[in-house]
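# Chain and residue survey
Listed below, chain by chain, are the residues.
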Amino acid sequence: MLDQLFLEVYTKFKLHFYREVLGLFQSREASLTTVETFCMESIQALGDPTVNEFASFLHISPPNAAYKINSLVKKGYLERVQSPEDRREYHLHVTQKYIDYYNISIAYVEEVCARIQSRFPADKCAELEKMLAVVSRKLMADVGLPGAVPAEQETE
């Protein structure tokens, strides 16, 4: 039952996002393909990765990654920023245009979290927070995120 409920919540977050994004595009053509959306979400989650870090994380070739990146740069969702430490290296940085697009999803997460906090007592919310931290940092450690507390530093 836990797996079904987890998938149900995950699916509802996705469906809400799709509904809101597609609603925005009723009056104009959608500018991000599904694959480009996946790429942008990955780049944002990785926190300004290099092209090679992005390609390596997604297990795609550097030329394939470069092709996708060039398209996203042309559309204005992504920019290449030269590394101050190694001027030969460029980091991928999401633009405000993408942040505005992505905030549709974040706003709903914040809304659901506010509903949780108003529905459940503080101790239950704290318990849920601890459980989600363990799920993210220990049970899903194979999908690391920059800036996340490493599992070995996590206290239960």
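Treat the numbers as computed from the prediction; the structure is a model and nothing was measured. Residue indices follow the written sequence of each chain, beginning from 1 at its first position. Per-residue local features are limited, in this predicted model, to residues with pLDDT of at least 70; the limit for side-chain atom pairs, both in listing and counting, is 80 or more; totals at the level of whole chains, interfaces and linings are taken over all residues. To get the side-chain values, take all heavy atoms of the structure and skip hydrogens and water.

### Comments concerning a nonpolar patch on the surface
- Only residues above 30% relative accessible area that lack a salt bridge enter a patch, with like-charged residues linked at up to 9 Å and the nonpolar side chains Val, Leu, Ile, Met, Phe, Trp and Tyr linked at up to 5 Å. Throughout, the Shrake-Rupley method with a 1.4 Å probe supplies accessible areas, and for residues the shown protein chains are the sole cover considered. Salt bridge criterion: a side-chain nitrogen from Lys or Arg within 4 Å of a carboxyl oxygen from Asp or Glu. A cluster of nonpolar side chains, contributed by Leu15, Tyr18 and Leu22, occupies part of the molecular surface with about 320 Å² of accessible area.
- Of note, Leu22 is situated in helix H1 (residues 2-24).
- Three labels apply to residues, based on accessible area from a 1.4 Å probe with only protein chains included: buried if under 20% of the type maximum, exposed if over 50%, partly exposed otherwise in between. Assessed through its relative accessible area of 57%, Leu22 is described here as exposed. A run of DSSP states H or I qualifies as a helix once it reaches four residues; a run of E qualifies as a strand once it reaches two. Both are numbered from the N-terminal end.

### A look at helix H2 (residues 34-46)
- Across its 13 residues, H2 extends 18 Å between first and last C-alpha, which sits within 8% of the 18 Å expected from 1.5 Å per residue.
- Residues of H2 that are buried: Glu36, Thr37, Cys39, Met40, Ser42, Ile43 and Leu46.
- In this fold, the buried residues of H2 make contact with helix H3 (51-58), helix H4 (62-74), strand S1 (78-82), strand S2 (90-94) and helix H5 (96-119).
- Phi for Gly47, located one or two positions after H2, is positive at around 70°. Multiplying 1.5 Å by the residue count of a helix minus one yields the expected span of that helix. Contacts are assigned to residue pairs that have any heavy atoms within 4.5 Å of one another.

### Focus: the packing of aromatic side chains
- Side-chain rings of Phe, Tyr and Trp (the six-membered ring for Trp) are treated as a pair once their centres are within 6.5 Å; stacked means planes under 30 degrees apart, edge-to-face means over 60, and tilted covers the remaining angles. Under the defined criterion, the tally for this structure stands at two aromatic pairs.
- A centroid spacing of 5.8 Å and a plane angle of 75° characterise the contact between Phe13 and Tyr108, whose relative ring orientation is edge-to-face. In this pair, Phe13 is assigned in helix H1 and Tyr108 in helix H5, connecting sequence segments 95 residues apart.
- Residue class for Phe13 comes out partly exposed when judged on its relative accessible area of 27%.
- Ring geometry for Tyr77 against Tyr98: centres 6.4 Å apart, planes inclined by 80°, an arrangement best described as edge-to-face. Of the two residues, Tyr77 sits in the loop between H4 and S1 while Tyr98 sits in helix H5, which places them 21 residues apart along the sequence. As far as the burial class goes, Tyr77 and Tyr98 line up, both buried.

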